[in-house]
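Topology and contacts: notes
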Amino acid sequence: RRDYVAHEVLPQKLKLPEKHVKSKERMDLTSTYKQDYNSYPSPKVPPCIPCVTKHIPNAKMDARTTYKDDYVQWNEPKTELIRANDRFHPTEEKFDHRSIVQADYVYRGPVATQSCKPPMLIQATKDPFVNITNYRVNYVPHPLEKRYIHKSEKYKVNKVPFDGLTTHKVSYKGLAGWPAKNAKPVQSKLLSDLPFSSKTEFQENYQPWPRPTIFTKKPDVYLPPLEKMDLHTTTQINYKPPNGKPAKMCRSFAQLKRNTEPFNSSSITKQDYKPWQHKRLMPIIYAPELTFPAQPMDCLTTFQTDYVPHPLPVTKSYKPDWSGPKHYTELDAKTTYGTSYTPKGIVRCLASYKDPPGYVFEGVDAAGHNLYFPASKRECLQG
């Protein structure tokens, strides 16, 4: 804002188009292509079809078919058609283009219907319309009641200590019996107390490259300006509001007279359109044609009266009896896993050693991996 200087903006100059002057020279309609290009004669290329030798006979071909040889045409006269000579002869009278409906059904004009709408007795007044309604005249504003605000009760701390017992803990009691025994094998102690080395072969062979230190520039200390900032913009300085004042509302407030009489709920529609007096039509009920008996119905069916119950047939079972022994001994809680399992000691992984015991270092392969062989296998190879 301090360094910006407003430049003077001049109106843009429009360049008038030049008038087209028709030249008197004649166009030759020749192009560079027609002048420089010389056409060459293109000879006709014969098709590259291999020569096929066919045996063509010299005898003349007999074009007669078996049908013409075997089926000879009969010399019989042609029979005439047995058809009555009743060709269509149109009438010479002029066609009027009228249909049967147009000829028989004559239009008799509109039917006069009687309107049952009550006549409008009120005449329109010539007085100007007043924008005052019954609602505006008779409406009495009532004071609003204060809104009910619910106040929540303050939380009171219970002085009785919490026992931590639930209904399940108090009421539920387990089944009677001995508590379950732990069948987990005993864990033996570690063979060696050496800490596990977290270094791998990749970390030992592949070391990171040294990186130079990154040059960082310290930021300059911010010094606030001593001068006071001018908050005026170019628009505020150069733009001036037009001379004038905002328009005022010229609407006059109607002086309403408050009426203390009770509100009349009758309207013009209720006064002019009154309900018709008519009687309710009773339904047409015909006399019953069926005669019902005076005795009550027994509700018995043909199946209930004629059905005779039979006893159920007893079927004989041919299933063979169980011939095996019957054990009445109680089931013990011991399993094969709990009795025959022998816990084994935890062996330390050989990869955690720098030089694993029982192995001899042979060398490094092409991929950079260390090769170890068992000491006993090396002795056998040497022997």
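Residues numbered from 1 in each chain as written. Predicted model: local features only at pLDDT ≥ 70, side-chain atom pairs only at ≥ 80, totals over all residues. Heavy atoms only, no water.

Bringing the overall build of the protein chain into the picture now. For the protein chain, the count of helices and strands is eleven helices and two strands. In sequence order, the secondary structure elements of the protein chain are arranged as α-α-α-α-α-α-α-α-α-α-β-β-α. For the protein chain, the proportion of its 383 residues judged to be buried stands at 2%. Expressed as a percentage of contacts within the protein chain between residues at least 6 apart in sequence, the contacts between residues at least 24 apart total 58%. (Helix = DSSP H or I, 4+ residues; strand = E, 2+ residues; numbered from the N terminus. Buried < 20%, exposed > 50% of the residue type's maximum accessible area, 1.4 Å probe, protein only. Contact = heavy atoms within 4.5 Å.)

Turning our eyes to something else, we now look at the confidence of the model for the protein chain. Taken over all residues, the pLDDT of the protein chain has a mean of 78, while the share at 70 or more is 88%. When mean pLDDT is compared element by element in the protein chain, helix α4 (residues 134-138) scores highest at 87, while helix α11 (residues 375-382) scores lowest at 56. (pLDDT = per-residue confidence, 0-100.)

Taken as a whole and judged by the stated rule, the model has one salt bridge. Across the pair Arg64 and Asp69 runs a salt bridge whose closest N-O atoms are separated by 2.9 Å. (Salt bridge = Lys/Arg side-chain N within 4 Å of Asp/Glu carboxyl O.)

Note: strand β1 (residues 359-364) against strand β2 (residues 370-374), five bridges, orientation antiparallel. The partner of Val364 across the bridge, within β2, is Asn370. Hairpin connection, β1 to β2: the antiparallel pair is bridged by five residues, and Gly368 has positive phi, about 90°. (Pairing = 2+ DSSP bridges.)

Okay, the packing of aromatic side chains next. Taken as a whole and judged by the stated rule, the model has four aromatic pairs. Here the guanidinium or amino end of Arg348 rests over the ring plane of Tyr353, the centre of that ring lying 4.1 Å away. (Phe/Tyr/Trp six-rings, centres within 6.5 Å; stacked < 30°, edge-to-face > 60°. Lys NZ or Arg CZ within 6 Å of the ring centre and 35° of its normal.)

Another point: the side chain of Ser352. By secondary structure assignment, the location of Ser352 is in the loop between α10 (336-340) and β1. Within the local environment of Ser352, its side chain forms a polar contact with the side chain of Arg348, the two groups lying 2.8 Å apart. At 2.6 Å, the side chain of Ser352 forms a polar contact with the backbone oxygen of Cys349. Apart from residues lying up to four places away in sequence, Ser352 is in contact with Phe196 and Ser197. (Polar contact = N/O pair within 3.5 Å; in protein donor to acceptor, adjacent residues only side chain to side chain.)

Here we take up the environment of Tyr273. Mapped onto the elements of the fold, Tyr273 is located in the loop between α8 (268-272) and α9 (302-306). Of the residues examined, Tyr273 reaches a relative accessible area of 45% and is grouped as partly exposed. Along the sequence, Tyr273 and Pro118 sit 155 residues apart, while their C-alpha atoms lie 8.0 Å from each other. Non-local contacts of Tyr273, meaning those with residues more than four positions away in its chain, are made with Lys117 and Pro118.

This next bit is on a nonpolar patch on the surface. Side chains of Met120, Ile122 and Ile268 sit close together on the surface and give an oily, nonpolar patch of about 340 Å² of accessible area. Relative to the helices and strands, Ile122 resides in the loop between α3 (100-104) and α4. (Patch = residues over 30% accessible without salt bridge, like charges linked within 9 Å, V, L, I, M, F, W, Y side chains within 5 Å. Areas by Shrake-Rupley, 256 points an atom, 1.4 Å probe, with all protein chains shown as cover.)

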